[in-house]
Amino acid sequence: MALRYDALQDYCDDPARTGDVQVILYAHYWKGFALAVQDGTAEHPVMDDKGRPYRFRTIEMAMAELANIAYLSDRIIIDRRMWWP
């Protein structure tokens, strides 16, 4: 199930969900870092308002923006399989 970025705060704050939400950033050398979240049982890609993967240009931008969302895990996973110089 894909999750829209503007619904991420509500998803994290849902009382039915227990525990923190794990953030996964999929690194791509040219496209940036695509955001996904995992709730312990399933992984959900995060999409923008046009249905495209929600991306950050840099890790710093991701950290700054995600710091404002409650109930995210303190640890962020960076999947760098698609990263190539």
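Just so you know, these numbers come straight off a predicted model, no measurement behind them.

With that out of the way, let us pick up the environment of A62. Topologically, A62 is positioned in helix α2 (residues 59-66). Each C-alpha atom, one on A62 and one on G51, is 19 Å from the other, the two residues being eleven residues apart in sequence. Excluding anything up to four places from it in sequence, A62 contacts L25 and F56.

The next point concerns a nonpolar patch on the surface. A contiguous nonpolar surface patch, about 500 Å² in accessible area, is contributed by Y29, W30, W83 and W84. Tracing the sequence through the fold places W30 in the loop between β2 (21-28) and β3 (32-38). Look at W30 and you get exposed, because its relative accessible area is 59%.

Mapped onto the fold, H28 is located in strand β2. A polar contact of 3.1 Å, which involves the side chain of H28, links it to the backbone nitrogen of K31. Once residues lying within four places of it in the same chain are set aside, the contact partners of H28 are M82 and W83.

About the criteria used
Residue indices follow the written sequence of each chain, beginning from 1 at its first position. Per-residue local features of the predicted model are confined to residues with pLDDT of at least 70, and side-chain atom pairs are confined, for both listing and counting, to 80 or more; whole-chain, interface and lining totals are unaffected and use all residues. Side-chain calculation: all heavy atoms of the structure are included, whereas hydrogens and water are not. Put simply, DSSP marks the helices as runs of H or I at least four residues long and the strands as runs of E at least two long, and each gets a number from the N terminus on. Only heavy atoms enter the contact rule, under which two residues are in contact if any of them lie within 4.5 Å. Here, patches come from residues exposed beyond 30% relative accessible area and free of salt bridges, joined within 9 Å for like charges and within 5 Å for nonpolar side chains (Val, Leu, Ile, Met, Phe, Trp, Tyr). For the accessible areas, the method is Shrake-Rupley and the probe is 1.4 Å, while residue cover comes only from the protein chains on display. Throughout this description, the term salt bridge denotes a Lys or Arg side-chain nitrogen within 4 Å of a carboxyl oxygen of Asp or Glu. Classification of residues uses two cut-offs on accessible area relative to the type maximum, computed with a 1.4 Å probe and protein chains only: under 20% is buried, over 50% is exposed, and between them is partly exposed. Any N or O atom pair separated by 3.5 Å or less is treated as a polar contact, with the protein-specific requirement of one donor-capable and one acceptor-capable atom, and with residues adjacent in sequence counted only for side-chain atom pairs.

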